[in-house]
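# Secondary and tertiary structure notes
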Amino acid sequence: MTISFDLDDTIIPGTKRFPTERQNLIQRGFGLEKIREGTVQLLKDLKSEGHQILVYTTSYRSASYIRWLFFSYGIWLDGIINQRRHELILLTDGKLYSKYPPAFGIDVHIDDSIGVEMEGQRFGFKTIIVAENDMQWQDTVRDSLIALSIQT
Ligand SMILES: [Mg+2]
């Protein structure tokens, strides 16, 4: 499957708070943002099982920064959609929804936002919503992915 992950408050703490992966000296030196604890193992496992992993964010972080951030943890992303690319590809349609994963060939999108879940129901794309206080969020994602793959 092609799976995308939101950044803010899903992988990167912002208004929501959760434990983060340990940063090495290089990551600290470059001032890279912290990422959610469990992200590295989950993404590496999913990739080793043959899934494509993308980031889909409504932020304007540059694609090169996002690629470097994940690569610093040994994860090669298969694609990056930031707000700039979202607007570029969807044009005026991009204003209809905050995210539209099918336009990028994404089978399921993982996010913290109930609004995105509602958009998914309305516009027909699959989401997995991760709660701030879900300490077993990797299991939530994995269980939901299995449930979705059985459905389709
Ligand atoms: Mg978010």
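Coordinates for the structure precede this section.
First things first, this report covers the structure right here in the doc. (Residues numbered from 1 in each chain as written. Predicted model: local features only at pLDDT ≥ 70, side-chain atom pairs only at ≥ 80, totals over all residues. Heavy atoms only, no water.)

## Thoughts on the overall build of the chain
Within the chain, the secondary structure is distributed over six helices and five strands. Secondary structure elements of the chain, listed N to C terminal, follow the sequence β-α-α-β-α-β-α-β-α-β-α. Taken over the C-alpha trace, the chain has a radius of gyration of 15 Å; the compact-globule value for 152 residues is 15 Å, and the two agree within 12%. The C-alpha extent of the chain, read off along each of the three principal axes, is 45 × 35 × 30 Å. The buried share among the 152 residues of the chain stands at 45%. Across the chain, the fraction of contacts at a sequence separation of at least 24, relative to all contacts at a separation of at least 6, is 61%. Taken as a whole, the chain presents about 8000 Å² of accessible surface, with 53% of it coming from carbon and sulfur. For the chain, the distance from the average site of its 17 positive side-chain charges to the average site of its 20 negative ones is 6 Å. (Helix = DSSP H or I, 4+ residues; strand = E, 2+ residues; numbered from the N terminus. Rg over C-alpha atoms; globule rule 2.2 N^0.38 Å. Buried < 20%, exposed > 50% of the residue type's maximum accessible area, 1.4 Å probe, protein only. Contact = heavy atoms within 4.5 Å. Areas by Shrake-Rupley, 256 points an atom, 1.4 Å probe, with all protein chains shown as cover. Lys, Arg positive; Asp, Glu negative; His and termini not counted. Charge placed at Lys NZ, Arg CZ, Asp CG, Glu CD.)

## Structural notes on the coordination of the magnesium ion
Within the protein, the magnesium ion binds to Asp6 (OD), Asp8 (O) and Asp112 (OD); these donor distances fall in the range 2.1 to 2.2 Å. Along the chain, the residues donating to the magnesium ion are arranged with the sequence spacing D-x1-D-x103-D. With Asp8 in the loop between strand 1 (2–5) and helix 1 (25–29) and Asp112 in the loop between strand 4 (108–111) and helix 5 (114–123), this residue pair connects regions lying 104 residues apart in the sequence. Owing to a relative accessible area of 30%, Asp8 belongs among the partly exposed residues under this scheme. Residue class for Asp112 comes out buried when judged on its relative accessible area of 12%. (Donors = N, O, S within 2.8 Å, 3.2 Å for Na, K, Ca; no water.)

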